[in-house]
Amino acid sequence: MWLNMISQEVLKELNVDPNTGLSELEAKSRLEKYGENKLTSQKKKSIWQLFLSQINDVMIYILLGAAIISTFMHEYSDAVVILLVILINALIGVVQESKAEKSLEALKKLSTPKAIVKRDGIIKEIPSEEVVVGDIIILDAGRYLPADLRLIESANLKIDESAFTGESVPAEKDSNITISNENVPIGDMFNMAFMSTLVTYGRGTGVVVNTGMKTEIGKIADLLSKEEDNTTPLQRRLASLGKFLGFGAVGICVLIFIISMFQGRDWFEMLLTAISLAVAAIPEGLPAIVAIVLAMGVQRMIKQNSIVKKLPAVETLGSVNIICSDKTGTLTLNIMTIKKCCINNNLISIDDCKLDDDDTKLLFEGMILCNDATSKNGTKTGDPTEIALLDAGIKYDLYKEDLISNHSRIDEIPFDSDRKLMTTVNKYDSHFKVFTKGAIDNLLKISTKILLNGKIIDFTQERKDEILNFSNLMSDEALRVLGLSYKDIQDESISINALEKDLIFVGLMGMIDPPRQEVKPSIALCKQAGITPIMITGDHKNTAFAIASELGIANNINQCMTGAEIDTYSDNEFNDLVSNYKVFARVSPENKVKIVKAFKSHGNIVSMTGDGVNDAPSLKAADIGVAMGITGTDVAKGAADMILTDDNFTTIVAAVEEGRNIYTNIRKSIIFLLSCNLGEIVTLFIAILFNLAPPLLPIHILWVNLITDSFPALSLGVDPKDSSVMKYPPRDPKESLFAEHMGLFLGINGILIGGVTLAAFLLGERLYPGSLVHAQTLAFVVLSFSQLFFSLSMRNRERTLFNIGVFKNKYLLSSILLGICIQLLIIIIPFLANVFNVFILSARDWGLVICISLLPFIFNELFKVIKYR
Ligand code: ATP
């Protein structure tokens, strides 16, 4: 058992040198030998299964029944067309579903955690699936473990193992412990760490001992098959709408059938007509279209740097009216440069520091030693705040490698955004030095002395106020300020709790982090779109306000509140106040949750960004949790609904715009489909009601339904982005699909399509008295053409087609062209004409048909011109 061996033995057994890790070559061969490090998930459906699931539908059974009846009645052409309709429908369904599934899978891959490994002596990030037994893994707070590990090094390492132990307090780990007993529960395996558990604190290194299904989590397979419900609210609403419409359509069809029986019509023909109408009228294509439009939208968003992890988020995005954003890295570049330095009560430019002064040297030395970043020959790793400190040292030939080799680190308390401090203990010749760096307000609380011109004196309130004053001067210039305190200790075994106490204050450093250029216009766009941008930051109030006012987020310091002030209000008091504030500074992760809840209490739809270990609760509390892709921890990414691959505020705004567009497009497809279906019902219902001959044959109805339900509706779903969506306030998420008179619009257009089809039929009866086939052919072509042309009007409700660009949606134009061509072929090719029972139309007929078919389109375009000009 790995836990019973000392770490050196484990490393020997696994044949790996902890200083270099495995070689890439060896890792590759192990990967081939033992397979990928993943838990085998549920099997994917094969194409054949997908096809079968398309056919397994009540509508299809009804159609199959109709085909069988047709065969018995020797109406073979009807039977063939019905079967063809079933086949094409199923094929389109398979293509759509597998495409949607593929995009979702690609998405899943993008958001799976990565692992930091050491290979060939180089530390790098690789997909967790490529981790092999023997890999040396670096652990840091916020990261999920990629495999089961035997720890070989640990510094205050704590791991949340609640998935195994149910214990909510993270387990403390220690690589130096060797456990003698073999049968210890997981909770007591102090020197081991397990796949899918989470590092919540500290640092560590481990060697992989098990991967994939051999890991502890792999053994509990059913933990993994928990699939989340990934249907969106719209999809759920559509499912119930579909049912409602289905019953309605079936009701009308039964009615048509009963009326026609009273009229003494041919029962078989009317039965087929009623069945075809029911099949055509039920919008069975809707779910597939919505799924694929969502999936394709999500694909587009990836290209714009946002990974949507949960489909419902796409819809919610369109309704967001408050975007709470971190400052550092999201609104700013997160490229820090030290500008000023405060030492011995002097505020000076970083270029004017004198390193021969001992106090100044101590300030630099402490900032460099109490630091986890690296910066060497232009290659930098770690937190930009810390890199800036190293770079300031490099200016004066102070290098971290040299300092650390003389003053090795023997203990540390890592930085966290609650304390806003970091502490290390470093070895000096005859003693140890504790360095604590961090937020000035917190540092002042634990510093009792100050180093002034080489002397250590009492840090009186007056002196603290002086220092605060210097700090504020820097903050007002938008500088992020970090302070340093230290103390000398003799005994290295001093308890952790005693480290951050009774410190001696040394000085301050102020660094600039310029705002991102592209953010200012994005903030303006947000405001225009009825969205309020809110800045939330761990930084100082003045620094935050300086940047917020530059970006246009706030214009008065009274719009800024600090975390300490938030703490003084009860939840209810804070809810009442929250709308007056635009900037929250020096906040803790708990404050973030309170802020989200307060905004939500007013019915706002809130998006919140986060990156740290403690940000998960606020990301979950928000309607849209947004994690940072670059600086974000696995926890934040796990809790989020969306990940920004570029950590940029502008990307959130672009995602909101995309979300609004996707919703608008889905709505276009739905309204289009329903208008067309209504058109078909209107045609037949009126004809039967007025005791006319049937204007359409069952196969005509099925065919038109096939042509319009598929490609044109789908093409509307991918209509190009309409930037005017950002001119309106956000949509109320509870708003009905038929809001904004959409129901009326649908009704009018259904009646229009039905009306022109009937008109064509009646005209045909006039022009060719006694030839029902002629009149039916005209109605058939008009029904399909009018729907195809009408789809062009659906692209925008307010702007005419010529206004938004005729050729902008190439898919729609191609679908229309395809529809027209197929229709032409059916009429021109004698064999097909025979099957569909249609007549070859003359040039005059074509002219007539096209003019009549254009009427709904022209009506809609004229209406837009009159109403919206
Ligand atoms: P946000 O990203 O939320 O805008 P932030 O990055 O400014 O906020 P934190 O990273 O929590 O927030 O930092 C808050 C404060 O903690 C900083 O203003 C700084 O004073 C201090 N701080 C930041 N990083 C470190 C560090 N590595 N070591 C010590 N102190 C730090």
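Residues numbered from 1 in each chain as written. Predicted model: local features only at pLDDT ≥ 70, side-chain atom pairs only at ≥ 80, totals over all residues. Heavy atoms only, no water.

### So, helix 3 (residues 47-55)
Line of reasoning, step 1. All of the buried residues along helix 3 are L50, F51 and Q54. When helix 3 is viewed along its axis, its buried side chains cluster within an angular range of 100° and face the same direction. (Buried < 20%, exposed > 50% of the residue type's maximum accessible area, 1.4 Å probe, protein only. Helix = DSSP H or I, 4+ residues; strand = E, 2+ residues; numbered from the N terminus. Arc of directions from axis to C-beta.)

### What to know about helix 19 (residues 541-551)
Three or four residues apart is the spacing at which side chains of an α-helix point the same way, because the helix has 3.6 residues per turn.
Line of reasoning, step 1. Counting buried positions along helix 19 gives eight out of 11 residues, so the element sits mostly inside the fold.
Line of reasoning, step 2. Of all the positions in helix 19, only N542, T543, A544, F545, A546, I547, A548 and L551 are classed as buried.
Line of reasoning, step 3. For helix 19, the elements touching its buried residues are helix 16 (461-476), strand 19 (479-489), helix 18 (519-528), strand 21 (532-536), strand 22 (560-562) and strand 23 (583-585).
Line of reasoning, step 4. Positive phi shows up at G552, right after helix 19, with a value of about 90°. (Contact = heavy atoms within 4.5 Å.)

### Section: the site of the ligand
Line of reasoning, step 1. Surveying the vicinity of the ligand reveals 20 residues, the closest of which are K327, T328, K437, R480 and D539.
Line of reasoning, step 2. The separation between an oxygen atom of the ligand and a polar main-chain atom of G538 is 3.1 Å.
Line of reasoning, step 3. A distance of 3.0 Å is found between an oxygen atom of the ligand and a side-chain nitrogen or oxygen belonging to D539.
Line of reasoning, step 4. For the ligand, the protein covers 91% of the area, taking 610 Å² as the surface of the free molecule.
Line of reasoning, step 5. Looking at the shell around the ligand, the elements with two or more residues in it are strand 16 (432-438) and strand 19.
Line of reasoning, step 6. No other element matches strand 19, which puts three residues into the shell around the ligand.
Line of reasoning, step 7. Of the residues contributing to the shell around the ligand, the split by class is six nonpolar, five polar and nine charged.
Line of reasoning, step 8. Built from parts of two domains, the shell around the ligand gets at least three residues from each of domain 3 (307-333 + 516-647) and domain 4 (337-512). (Near = heavy atom within 4 Å. Polar contact = N/O pair within 3.5 Å; in protein donor to acceptor, adjacent residues only side chain to side chain. Areas by Shrake-Rupley, 256 points an atom, 1.4 Å probe, with all protein chains shown as cover. Nonpolar A, V, L, I, M, F, W, Y, C, P; charged D, E, K, R; others polar. Domains from an automatic or database assignment.)

### Focus on the nonpolar core
Line of reasoning, step 1. Judged by nonpolar contacts, the single largest core of 131 residues is most densely connected at I323, F649 and F836.
Line of reasoning, step 2. By residue number, the principal contributor to this core is helix 25 (residues 649-689), which donates 17 residues.
Line of reasoning, step 3. Leave out the neighbours within four places in its chain, and I323 touches C526, I531, T532, P533, I534, S607, F649, I652, V653 and V656. (Core = buried A, V, L, I, M, F, W, Y, C linked by side-chain atoms within 4.5 Å.)

### Quick look at the environment of L317
Line of reasoning, step 1. Tracing the backbone shows L317 in helix 11 (residues 312-317).
Line of reasoning, step 2. Note on L317: relative accessible area 1%, which makes it buried.
Line of reasoning, step 3. A sequence separation of 65 residues divides L317 from I252, and the C-alpha atoms of the two residues are 38 Å apart.
Line of reasoning, step 4. The residues touching L317, leaving out its near neighbours within four places in the chain, are M301, I624, M642, A655, V656 and G659.

### Examining the pairing of strand 19
Line of reasoning, step 1. Most of strand 19 sits inside the fold, with 10 of its 11 residues counted as buried.
Line of reasoning, step 2. Bridge analysis of strand 16 against strand 19 gives seven bridges, and the strand direction is antiparallel. Counted as the bridge partner of K433 is D488 from strand 19.
Line of reasoning, step 3. One ladder, built from eight bridges, connects strand 19 with strand 20 (residues 503-512); its direction is antiparallel. Bridge assignment links S485 to a residue of strand 20, and that residue is F505. (Pairing = 2+ DSSP bridges.)

These figures capture arrangement, not role.
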